[in-house]
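Geometric and topological summary
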Amino acid sequence: MRIGIIGAMNEEIIELKSVMNNIEEECIGNLSFFKGELKGKEVVLVECGIGKVNGAICATFMKSHFNVDMLLFTGVAGGVNPDINIGDIVIATDLVEHDFDTTAFGYELGQIPRMAEYKFKTDETLRDIAYDCAVKAFGEAKVWKGRIVSGDQFIASPDKIKWLKEIFDGYCTEMEGAAVAHVCYTFNLPFLVIRAISDKADDDAKVDYPEFVKLAAKNSKTIIEGILERL
Ligand code: ADE
């Protein structure tokens with residue numbers, strides 16, 4: 001079994017890379033994929049870069065070139081549900097591209113014309129394992145299961161948070177997850193997105209984000225390690 005692990009930024013993968021064994025680097029374009037072992041499992045780790053296209057490129061290569069059996073995405077996100085705090089964990093139940101808008105043709109916001117699905121569901125088994133690991137590590141009050149909404153936008157606005165909550169019932173927002181989910185849906189690849197909250201996507205987001213990104217990334221890494229131990 002080979003497991004693909006994607007993070008958008010160096011901060012989000014560096015901790016995992018530091019505990020990998022027998023690392024071999026394979027470059028594709030300007031991307032570095034790291035093959036090796038983590039918690040006794042065969043993994044491929046990559047920093048995909050920021051945004052939906054970067055996420056989709058790496059997810060596609062993980063499937064078509066590295067032939068992974070499942071994909072985990074780890075990183076940070078801005079809280080949308082007001083009950084969720086910085087440092088909390090959100091395990092995605094499903095993901096939607098919140099910036100996909102063809103409402104002019106009568107589609108729902110987020111809906112992708114001529115596709116059967118646009119609320120891309122995560123793998124239930126992976127989700128349950130991740131939830132268990134997260135609760136063990138951080139306690140039930142800090143762990144959430146819910147929809148993650150993704151778009152090519154860093155959200156730092158109370159109005160936009162309200163909109164993401166009202167329209168999509170988003171729990172948190174980030175910039176890659178739904179694109180990775182879209183690719184996994186297309187290739188029928190089991191996947192899970194786990195995000196730790198680095199900011200509350202509000203007026204303070206720009207200040208909170210750099211302060212909390214490292215802590216949040218560490219929290220996310222703890223869960224990935226827990227999942228690998230259980231697979
Ligand atoms: N990732 C972390 N915080 C975010 C935010 N506020 N908006 C989009 N992506 C994020």
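Residues numbered from 1 in each chain as written. Predicted model: local features only at pLDDT ≥ 70, side-chain atom pairs only at ≥ 80, totals over all residues. Heavy atoms only, no water.

Notes on the site of the ligand
Surveying the vicinity of the ligand reveals 13 residues, the closest of which are Gly78, Phe154, Ile155, Glu174 and Asp199. Within the backbone of Gly78, an N or O atom sits 3.2 Å from a nitrogen atom of the ligand. Ile155 places a polar main-chain atom, nitrogen or oxygen, 2.8 Å from a nitrogen atom of the ligand. In the complex, the protein chains occlude 96% of the 270 Å² of accessible area that the ligand would expose alone. Elements represented by at least two residues in the shell around the ligand include exactly strand E5 (70-79), strand E9 (170-174) and strand E10 (191-199). Here the shell around the ligand takes 3 residues from E5, the largest share from any one element. Of the residues belonging to the shell around the ligand, the class tally is 7 nonpolar, 4 polar and 2 charged. (Near = heavy atom within 4 Å. Polar contact = N/O pair within 3.5 Å; in protein donor to acceptor, adjacent residues only side chain to side chain. Areas by Shrake-Rupley, 256 points an atom, 1.4 Å probe, with all protein chains shown as cover. Helix = DSSP H or I, 4+ residues; strand = E, 2+ residues; numbered from the N terminus. Nonpolar A, V, L, I, M, F, W, Y, C, P; charged D, E, K, R; others polar.)

Looking at the packing of aromatic side chains
A complete count under the given rule lists 4 aromatic pairs for this structure. Look at Phe33 and Phe66: their rings are 4.7 Å apart centre to centre, the planes differ by 35°, and that puts the pair in the tilted class. Of the two residues, Phe33 sits in strand E3 (residues 31-38) while Phe66 sits in the loop between helix H2 (52-64) and E5, which places them 33 residues apart along the sequence. A relative accessible area of 0% places Phe33 in the buried class. Among the residues examined, Phe66 registers a relative accessible area of 4% and is labelled buried. On the basis of an interplanar angle of 75° and a centroid distance of 5.4 Å, the ring pair of Phe154 and Tyr209 is categorised as edge-to-face. Residue Phe154 is found in the loop between strand E8 (143-150) and helix H4 (158-168), and its partner Tyr209 is found in helix H6 (residues 205-230); the two are separated by 55 residues along the sequence. (Phe/Tyr/Trp six-rings, centres within 6.5 Å; stacked < 30°, edge-to-face > 60°. Buried < 20%, exposed > 50% of the residue type's maximum accessible area, 1.4 Å probe, protein only.)

Things to note about unusual backbone geometry
Of note in the backbone geometry, Arg114 takes a positive phi value of approximately 65° without being a glycine. Relative to the elements of secondary structure, Arg114 occurs in the loop between strand E6 (89-97) and strand E7 (120-121). Within the chain, Asn188 stands out as a residue other than glycine whose phi angle is a positive 55°. Turning to its location among the elements, Asn188 is positioned in the loop between helix H5 (177-187) and E10. Take Asn188: its relative accessible area is 70%, and that puts it in the exposed class.

What to know about the environment of Thr60
For Thr60, the position within the fold is in helix H2. Taking relative accessible area as the criterion, Thr60 reaches 29% and is therefore assigned partly exposed. Sequence separation between Thr60 and Cys184 is 124 residues, and the spatial gap between their C-alpha atoms is 8.1 Å. Ignoring anything within four residues of it in the chain, the contact list for Thr60 reads His65, Val183 and Phe187. (Contact = heavy atoms within 4.5 Å.)

Section: the pairing of strand E2 (residues 21-28)
Where E2 and E3 come together, 6 bridges link them in antiparallel fashion. The residue bridging Cys27 from the neighbouring strand is Ser32, located in E3. Counting the residues between successive antiparallel strands, the hairpin from E2 to E3 contains 2 residues, one of them, Gly29, with a positive phi of roughly 60°. (Pairing = 2+ DSSP bridges.)

Some points on the pattern of salt bridges
Should the charged atoms of two oppositely charged side chains come close, the side chains can pair. A complete count under the given rule lists 17 salt bridges for this structure. With a closest N to O distance of 2.9 Å, Glu174 and Arg195 form a salt bridge. Here the residue Glu174 occupies a position in strand E9, and Arg195 occupies one in strand E10, the gap between them amounting to 21 residues. Taking relative accessible area as the criterion, Arg195 reaches 1% and is therefore assigned buried. Each of Glu12, Glu174, Glu176 and Arg195 takes part in a single network of salt bridges with overlapping partners. (Salt bridge = Lys/Arg side-chain N within 4 Å of Asp/Glu carboxyl O.)

Structural notes on the side chain of Thr102
Relative to the helices and strands, Thr102 resides in the loop between E6 and E7. Beyond its immediate sequence surroundings of up to four residues, Thr102 is in contact with Tyr107, Gln111 and Pro113.

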